[in-house]
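A structural walkthrough
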Amino acid sequence: MRTWRDGDGTLTVGTVSGVREVPLRIAASYRARTKGLLGRDGIEGAMMLTPCGSVHTFRMRFPIDVAYLDRKFTVLAVRTMKPGRLGLPRPRARHVVEAEAGAMERWGVRPGVRVELRATAPASGASGASGSGA
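Rules behind the numbers
Residues numbered from 1 in each chain as written. Predicted model: local features only at pLDDT ≥ 70, side-chain atom pairs only at ≥ 80, totals over all residues. Heavy atoms only, no water. Helix = DSSP H or I, 4+ residues; strand = E, 2+ residues; numbered from the N terminus. Buried < 20%, exposed > 50% of the residue type's maximum accessible area, 1.4 Å probe, protein only. Contact = heavy atoms within 4.5 Å. Areas by Shrake-Rupley, 256 points an atom, 1.4 Å probe, with all protein chains shown as cover. Phe/Tyr/Trp six-rings, centres within 6.5 Å; stacked < 30°, edge-to-face > 60°. Lys NZ or Arg CZ within 6 Å of the ring centre and 35° of its normal. Core = buried A, V, L, I, M, F, W, Y, C linked by side-chain atoms within 4.5 Å. Lys, Arg positive; Asp, Glu negative; His and termini not counted. Salt bridge = Lys/Arg side-chain N within 4 Å of Asp/Glu carboxyl O. pLDDT = per-residue confidence, 0-100. Polar contact = N/O pair within 3.5 Å; in protein donor to acceptor, adjacent residues only side chain to side chain.

Counting its secondary structure elements, the chain contains two helices and seven strands. Helices and strands appear in the chain in the N-to-C order β-β-α-β-β-β-β-α-β. Out of the 134 residues in the chain, the part that is buried amounts to 43%. Considering only contacts in the chain between residues 6 or more positions apart, those separated by 24 or more positions represent 58%. Put simply, the chain shows about 7,400 Å² of open surface, and 50% of that area lies on carbon and sulfur atoms.

Geometrically, a pair of aromatic rings is defined through the distance of the ring centres and the angle of the planes. Counted by the stated rule, this structure contains one aromatic pair. For Arg90, the ring lying beneath its charged end belongs to Tyr68, and the centroid distance is 5.1 Å.

This paragraph deals with the nonpolar core. Leu11, Val97, Trp107, Val115 and Leu117 are the most contacted members of the largest nonpolar core, which has 22 residues in total. In this structure, Leu37, Tyr68, Met81 and Val96 belong to the second largest nonpolar core, which totals 17 residues.

Residue position: Glu98 is located in strand 6 (residues 95–100). There is no salt bridge for the buried Glu98, and the closest opposite charge comes from Arg40, which lies 8.3 Å off by N-O distance. Not counting residues up to four positions away in its chain, the partners in contact with Glu98 are Leu37, Ala46, Met47, Leu49, Val55, Ile64, Asp65, Val66 and Met104.

For the chain, per-residue confidence averages 88 on the pLDDT scale, and 87% of positions sit at 70 or higher. Predicted confidence is poor over residues 124–130, with pLDDT under 50, and the contacts of this stretch with residues over four places away or in other chains come to 15 contacts.

As for its placement among the helices and strands, Asp6 is situated in the segment before strand 1 (7–15). Summary of buried charges: Asp6 has no salt-bridge partner, and the nearest side chain of opposite charge, Arg25, is 6.1 Å away. A polar side-chain atom of Asp6 sits 2.6 Å from the main-chain amide nitrogen of Ala28. Separated by 2.6 Å, the side chains of Asp6 and Ser29 make a polar contact.

Our next topic: the pattern of salt bridges. Taken as a whole, this structure holds four salt bridges when the rule is applied. A salt bridge links Arg25 to Asp8, with the nearest nitrogen and oxygen atoms 3.0 Å apart. Of this pair, Arg25 sits in strand 2 (residues 18–27) while Asp8 sits in strand 1, and the two are 17 residues apart along the sequence. With relative accessibility at 35%, the residue Asp8 sits in the partly exposed group. Residue Asp41 is joined to Arg61 by a salt bridge in which the shortest nitrogen-to-oxygen separation is 3.0 Å. Within this pair, whereas Asp41 is found in the loop between helix 1 (30–35) and strand 3 (46–49), its partner Arg61 is found in the loop between strand 3 and strand 4 (64–69), the two being separated by 20 residues in sequence. The residues Asp41 and Arg61 share a single accessibility class, namely exposed.

Here it is, written out as structure tokens:
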């Protein structure tokens, strides 16, 4: 089992037109997961909440795309959520990736696709773990 730490990383999605790498913020601690995207006006790239099986958009300022991932980083579902909504828990979901609405479609993230998540700069000098969908 992988141990994730708060920090930065990369989300890699293989598409028919090539590989797309997206900047990723990792929220693994309780405090970071609780805050998530709250208080922000947008996000460059994406945010991964782990462990996580459901999300809400109460007090959010913008609509988001939510991708639910299983243990092997296969996308189970992708939903667009407006502010003030409560998402249903997804069975088998272990991680959630959030981005601005429309981003997942542009990146080619859809159910059945396997993605790779890689930590590049853990916070506080802690060692990070990487997860591969390959």
